[in-house]
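Listed below, chain by chain, are the residues.
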Amino acid sequence: MVFHSEAKEKVIAELQSNPELGLSQEQVSAKRAEYGENKLRENKKKTTLQRFFDQFKDVMILILIAAAVISFFIAFTEGGGSAFFEPLLIIIIVVINAIMGVMQESKAEKALDALKSLSAPKARVIRDGHEAVIDAVELVPGDIIKLEAGDFVPADARILHSSGLKSEESALTGESVPSEKDAEAEVDSKAPLGDRSNMVFSGCSITYGAGTAIVTATGMNTEMGKIANLLENEDEGQTPLQKKLADLGKYLGIVALAACAIIFVVGVLNDILVMEIFMTAVSLAVSAIPEGLPAIVTIVLSIGVQRLAKKNAIIRRLPAVETLGCASIICSDKTGTLTQNRMTLVKAWVNGKDETEDIGNDNSNEVRRLIACGVLCSDGSVVFEGEKEQHIGDPTETSIIVAAYKNGMTKEELNERSPRIAELPFDSDRKLMTTVNVMDGRKVVIVKGAFDVMASRCVSGDIETAARINEDMSSGALRVLAIACKVVDEISENPSSEELENGLSLMGLVGMIDPPRPEAKAAVAVCRQAGIKPVMITGDHVVTASAIARELGIMEEGDRAMTGTQLDELNDAELYEQVPEISVYARVSPENKIRIVKAWQRRGQVVSMTGDGVNDAPALKAADIGCAMGITGTDVAKGAADMTLSDDNFATIVDAVREGRGIYANIKKVVGFLLGTNIGEVITVFAAMLMWHESPLMSMQLLWINLVTDSLPAIALGMEPVEKNIMNSKPKPKNEGLFAHGFGVQIGLQGIMFGLISLIAYYLGKTMTGTIEGGQTLAFMVLALSQIVQAFNMRSERSLFKYGFFGNKKLNMAALTSLVLVALVMFTPLRVPFGLVLLPAVLYLIGAGLCLVPLVVMEIAKAFGVVRHHK
């Protein structure tokens, strides 16, 4: 059937559905078996074997393999069983590295897959006569779905009912202007996609209005499925930090290769065996370059993303994790983010009365009529299951529905008694919602919205008293809605705001409260301590907003509140000057949000902005960190945001900033650890070759050190718990380099320290044993074990004696594993092929002392404030 050219009744019959009841559970199961899940085919993932071979594409690994092949050839031609051990060990190490790489990649991919499932789109569906919110992947053809502004369309569907419905379909048609939709439109069977005005399509979004539709196609059968290559894939590119580290690796590679070339020439000139000096130079080049650094950073970021997800912050883009740590301004919505988003209707005022009436279970007839009209002019719904309530839709509307329910009136009964025949959905420009209902045989227009917008549209009612009551309620931090009505004889086919929302009679006001979240006040205090300015942005009355802002500590002495109207009167230069002292913005539009973001950004600040509506998407994109609301947020807002708060909680943003700072700090620790130790290895070999024309470490020894003392401790260091005092410092400037505040110099000095203690160890070992092997054994022990000690040093800028040595359990395990592996080649028969010998006890004691030098040096540096990576 060509669904867009057939009457909707035929479409319903063809799909065996019911527009009021939807599909039954039996029908859903049968259709899912026939059509499958509502999702596009994913790109075929690489197999484990493919990933394994991908690990060998790295240039440095290829050099190592080439060196092993040459070594095998020489061992074969020259004979000798022991000669095969070195190339065999290289191959084993390369394979172990490849296996670890595959495991790390798999872990990162699983983390990202878990995040995709957390941010999966939802759909409002009617099944078995009940409305429910389900994962869009569960939809089947014949399902009845509800759509409203801000929703992503979850499947191709034929519209059954529409009210001002518009859909943004640029992904399919290329048209940037939203398409107007009409359930009654007659469309030719050969009409192109852009002209099918009675259809909505999967992957597009609703920008205006509301409607009901029947699903006609799912998954790969949708129009988007047919041209799936038009879908934008998730950006899997590297983050800015990863790119910087990859570039750093290339520069280090050039330096290391130059050093190796010099070492090779010096070795040849001093009659060192060509094969030995060749293998030393190659292994040094590979070990000196932290080629695994970008991969380890990816793992640290992925682990951080998992941590954030557990704290209800779902990251959509990895670079957002880096930016989080720099956040200096948090612009937050009030309702549901700083408050509990459990609106409760507490007061009502009816026109003609002098005072308000508290809402209870048995209100006066006048108040009951006011509440009933409020319910009729609402799209939200509440599902009551015993004592549990599931609120669907706008919380202000659901609070009215609950108040009506307490007074013995259900939404279903009211809608049945007074059916809706027309509507004008709420939008942020009008700040009103209107319905036309048939009440006692008359067409009654019901309008609800903000009092200051409604007052000018009313021609009857005690506006003066209403203004006083509105002010009293607002000053008590209540959110106030005005409800007005008028009786009309006729309405046009497509009624306008001018037609319905003028000449009204004020019925009364309802006041509801959304109390602050208990944790919000503490989170605001943490922001202040961390040098972050919290800003409240709300559509509420300025008095209400200011009262809650003061209670939470957002508005302090000298701070100001500003309305959207006042903001519109300022030019950009004036806003730039005044923005630091404004802590509350009330009655703002989405356009105002963008101006606020840009004003702060011009001041060099990193701005986090929350939003939930479809019109908030531009502001979320403009912000450095766009935060969408997971509960009340529209799919469009979530798509534009970098982060989604699954609990809509301000405290979660602060937690996310804390985690972001912790993740960035851990990455710096990993970078400092790997570069410092690798520079130490280069200095050790380079200086020894120049001074003594001898290699203090054999190629096998260098490779073993890098296998057991680099990767494992580095990854464990990246999992370091966030330091308790991390929110005591000011935010890091957005463009601050990784090596700012002397961090690069510190890394260089640490490299020199490792080089010196290793050279001392080699000299003492050789002198006291009279053999090169003795010197190499002590140098191997000191270099390997001192790097393990350094991993603990890098845990904090604070003294380990205050911070604690063993707080990171994963690092403890990594260090223990590394220690066992080092001991394995030093004290078992494996030492022979590694070129190691047993040493006198005194040398082991000297070696142990040298291994602790990094601890002593770093503790002194920390005590004198030399080790400090931020202001």
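Residues numbered from 1 in each chain as written. Predicted model: local features only at pLDDT ≥ 70, side-chain atom pairs only at ≥ 80, totals over all residues. Heavy atoms only, no water.

Side note on the overall build of the protein chain
Looking only at helices and strands, the protein chain has 32 helices and 25 strands in total. Each of the 871 residues in the protein chain was classed as buried or not, and the buried ones make up 54%. Sequence-distant contacts in the protein chain: of pairs separated by 6 or more residues, those separated by 24 or more amount to 71%. Within the structure as shown, the protein chain displays about 37,600 Å² of accessible surface, and the carbon and sulfur contribution to it stands at 57%. Side-chain charges of the protein chain comprise 84 positive and 105 negative groups, with the mean position of each set lying 5 Å from the other. (Helix = DSSP H or I, 4+ residues; strand = E, 2+ residues; numbered from the N terminus. Buried < 20%, exposed > 50% of the residue type's maximum accessible area, 1.4 Å probe, protein only. Contact = heavy atoms within 4.5 Å. Areas by Shrake-Rupley, 256 points an atom, 1.4 Å probe, with all protein chains shown as cover. Lys, Arg positive; Asp, Glu negative; His and termini not counted. Charge placed at Lys NZ, Arg CZ, Asp CG, Glu CD.)

Points about the state of the cysteines
Counted according to the given criterion, the structure contains 0 disulfides. A disulfide-free cysteine, Cys373 has its sulfur positioned 6.1 Å from the sulfur of Cys485, the nearest such atom. (Disulfide = S-S within 2.5 Å.)

Overview of the packing of aromatic side chains
Applying the stated criterion to the full structure yields 10 aromatic pairs. For the ring pair Phe52 and Phe53, a centre distance of 5.7 Å and an interplane angle of 75° mean the geometry is edge-to-face. Among the aromatic residues, ring-to-ring pairing joins Phe792, Phe801, Phe805 and Phe806 into one connected group. Taking NZ or CZ as reference, Arg603 lies 4.4 Å from the ring centre of Tyr576, over its face. A cation over a ring is seen here: Lys668 above Phe743, with NZ or CZ 4.7 Å from the ring centre. (Phe/Tyr/Trp six-rings, centres within 6.5 Å; stacked < 30°, edge-to-face > 60°. Lys NZ or Arg CZ within 6 Å of the ring centre and 35° of its normal.)

A word on the side chain of Arg587
Along the chain, Arg587 turns up in the loop between β22 (582-586) and α22 (590-602). A polar atom in the side chain of Arg587 sits 3.4 Å from the side chain of Asp452. (Polar contact = N/O pair within 3.5 Å; in protein donor to acceptor, adjacent residues only side chain to side chain.)

Focus on the pairing of strand β7 (residues 205-217)
Across the 13 residues that make up β7, a large majority, 11, are buried. As defined by bridge partners, strand β3 (residues 144-148) adjoins β7 across 5 bridges and the pair is classed as antiparallel. Looking at the pairing, Ile145 lines up with Ala213 of β7. Here 10 bridges tie strand β4 (residues 156-168) to β7, and the two strands are oriented antiparallel to one another. Bridging from a neighbouring strand, Asp156 pairs with Ala217 of β7. (Pairing = 2+ DSSP bridges.)

Re a nonpolar patch on the surface
A cluster of nonpolar side chains, contributed by Val745, Leu749, Ile752, Leu756 and Ile760, occupies part of the molecular surface with about 460 Å² of accessible area. Considering the arrangement of structural elements, one finds Ile752 in helix α27 (residues 743-769). Classification of Ile752 as partly exposed rests on a relative accessible area of 41%. (Patch = residues over 30% accessible without salt bridge, like charges linked within 9 Å, V, L, I, M, F, W, Y side chains within 5 Å. Salt bridge = Lys/Arg side-chain N within 4 Å of Asp/Glu carboxyl O.)

Things to note about helix α26 (residues 699-717)
Here α26 spans 26 Å end to end across 19 residues, near enough to the 27 Å set by a 1.5 Å rise per residue. For α26, a buried count of 18 out of 19 residues is recorded, marking the element as mostly surrounded by other parts of the structure. (Expected span 1.5 Å × (residues − 1).)

Some points on helix α13 (residues 395-406)
The terminal C-alpha atoms of α13 lie 16 Å apart, and with 12 residues this matches the ideal 16 Å at 1.5 Å per residue to within 8%. Counting buried positions along α13 yields 10 of 12 residues, so the element is predominantly enclosed. Of the positions making up α13, those classed as buried are Pro395, Thr396, Glu397, Thr398, Ser399, Ile400, Ile401, Val402, Ala403 and Ala404. Directly beyond the C-terminal end of α13, a positive phi value near 80° is found at Gly408.

Notes on the packing of α27 against helix α31 (residues 841-851)
When two helices pack together, their arrangement is given by the angle between the helix axes and the distance between those axes. Running from amino to carboxyl end, α27 crosses α31 at an angle of 170°, the nearest separation of the two axes being 11 Å. The angle between the axes of α27 and α31 places the two elements in the roughly antiparallel class. Between α27 and α31, the residues in contact are Ile757, Ile760, Ala761, Leu764, Gly765, Met768 and Thr769 and Val842, Leu843, Ile846 and Leu850, respectively. Of the residues that constitute the contact of α27 with α31, the class distribution is 9 nonpolar, 2 polar and no charged. (Axes fitted to C-alpha atoms, helices over the stretch in contact; angles between N-to-C directions. Parallel < 35°, antiparallel > 145°, perpendicular 65-115°, else oblique. Nonpolar A, V, L, I, M, F, W, Y, C, P; charged D, E, K, R; others polar.)

A closer look at the sheet that holds strand β20 (residues 533-538)
Pairing in this open sheet of 8 strands is mixed, and the strands run β8-β25-β24-β23-β9-β20-β22-β21 from one edge to the other. The strands lining the two open edges of the sheet, one partner per strand, are β8 (313-315) and β21 (560-563). Across the sheet, the mean angle from the axis of one strand to that of its neighbour is 20°, orientation sign disregarded. Relative to β22, β20 runs parallel, the two being bridged by 3 bridges. From the neighbouring strand, Ile537 faces β22, where its bridge partner is Tyr585. Helix α25 (residues 650-692) rests against β8, β9 (329-333), β20, β23 (607-611) and β25 (643-645) of the sheet, and its axis sits at about 155° to β9.

Quick notes on the nonpolar core
Soluble, globular proteins show a tendency: their nonpolar side chains are buried together. In terms of nonpolar packing, the biggest core is built from 137 residues, with Phe650 and Phe780 touching the most fellow members. Here the element with the most residues in this core is α25; it accounts for 17 residues. Discounting residues that sit within four places of it in the chain, Phe650 has contacts with Ile330, Ser332, Thr337, Leu338, Ala520, Ala523, Val524, Cys527 and Pro534. With 31 residues, the next largest nonpolar core counts Leu345, Ile359, Val382 and Leu414 among its residues. (Core = buried A, V, L, I, M, F, W, Y, C linked by side-chain atoms within 4.5 Å.)

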